[in-house]
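Examination of the molecular architecture
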Amino acid sequence: DLFSTQPERNNLELEAETWTEMCRQACEQALEQLQAARQREGQRLADTMLATGQDMATILDQVEQNLPALMQAWQERITTRLRETLEAVSPDGFSQISGEELSARIAQEASLFSMRSDIAEELSRLRSHVQELHHLLSGSTSGTGAAPGGKKQKGSAGKRLDFLCQEMNREANTIGSKAASLDITHAAIDLKLLIEQLREQAQNIE
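A few points on the structure. (Residues numbered from 1 in each chain as written. Predicted model: local features only at pLDDT ≥ 70, side-chain atom pairs only at ≥ 80, totals over all residues. Heavy atoms only, no water.)

Digging into the packing of helix α4 (residues 157-178) against helix α5 (residues 182-202)
- Closest axis-to-axis distance for the α4/α5 pair is 9 Å, and the angle between their directions is 170°. The orientation of α4 with respect to α5, classified from their angle, is roughly antiparallel. Contacts between α4 and α5 involve Gly158, Leu161, Asp162, Cys165, Met168, Asn169, Ala172, Asn173, Ile175 and Gly176 from the first element and Ile184, Ala188, Leu191, Lys192, Ile195, Leu198, Arg199 and Ala202 from the second.
- A breakdown of the residues in the contact of α4 with α5 according to their chemical character gives eleven nonpolar, four polar and three charged. (Axes fitted to C-alpha atoms, helices over the stretch in contact; angles between N-to-C directions. Helix = DSSP H or I, 4+ residues; strand = E, 2+ residues; numbered from the N terminus. Parallel < 35°, antiparallel > 145°, perpendicular 65-115°, else oblique. Contact = heavy atoms within 4.5 Å. Nonpolar A, V, L, I, M, F, W, Y, C, P; charged D, E, K, R; others polar.)

Thoughts on helix α3 (residues 120-138)
- Its 19 residues give α3 an end-to-end C-alpha distance of 27 Å, which sits within 8% of 27 Å, the value for a rise of 1.5 Å per residue.
- All buried positions along α3 are accounted for by Glu122, Leu123, Leu126, His129, Val130, Leu133, Leu136 and Leu137. Buried residues along α3 cover an arc of 140° about the axis, so they all sit on one side. The exposed set on the far side of α3, more than 90 degrees from its buried face, consists of Glu121, Gln131 and His135. (Expected span 1.5 Å × (residues − 1). Buried < 20%, exposed > 50% of the residue type's maximum accessible area, 1.4 Å probe, protein only. Arc of directions from axis to C-beta.)

Some points on the environment of asparagine 66
- Following the sequence through the fold, asparagine 66 ends up in helix α1 (residues 2-89).
- A relative accessible area of 42% places asparagine 66 in the partly exposed class.
- Residues asparagine 66 and isoleucine 184, spaced 118 residues apart in sequence, show a C-alpha to C-alpha distance of 9.4 Å.

Some thoughts on the pattern of salt bridges
- One pass over the structure, following the stated rule, counts eight salt bridges.
- Put simply, glutamate 64 and arginine 127 hold a salt bridge, and the shortest N to O gap is 3.0 Å. Residue glutamate 64 is located in helix α1, and its partner arginine 127 is located in helix α3; the two are separated by 63 residues in the primary sequence.
- Taking relative accessible area as the criterion, glutamate 64 reaches 34% and is therefore assigned partly exposed.
- In this structure, arginine 199 and glutamate 196 form a salt bridge, with 2.7 Å as the shortest nitrogen-oxygen distance. Note that arginine 199 and glutamate 196 are positioned in helix α5 at a spacing of three residues, about one turn of the helix.
- Relative accessible area serves as the criterion here: at 33%, glutamate 196 is assigned to the partly exposed category. (Salt bridge = Lys/Arg side-chain N within 4 Å of Asp/Glu carboxyl O.)

Below is the structure:
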């Protein structure tokens, strides 16, 4: 009996080794496919977020292009209001104040208003954040925090993107609070909506 069961035992050992190797190969193949799927998903997500960042840059371009005209319109509005106020207080007020004094007063009020409504710094910082978004995504397209060339970046890409969205949102809020025209108010709202989209997408990145 001992000799009769030896071949069966050897066959079982061979079958176990075969199955072990087959399972190992199947696991390796499954992991490779999972990693490839994660990379494809990460790339699609990065592309979507980069497109959102481009939409933000387009809005910033439009605001910056229109800003000089808006500032001029604000100054003209202030001039009109000052003249109307002076006429309401004293119909013959223009005869009691020189053109130089009136011009100086208008310039002072326009300057103060421009300082309160100036959003150039916020626009610049927000544009810098959009550039940082592109930098982060170009180095983390796999969704795993891996940089090009396989080097691992320090920290979580998802956490860095979430923090960046918070900074973007802070600048957009400031732009909205300083808005002295309906166009800039609309631009601030559009920026906040795009930032919220980025924040939601960033939650899917590790």
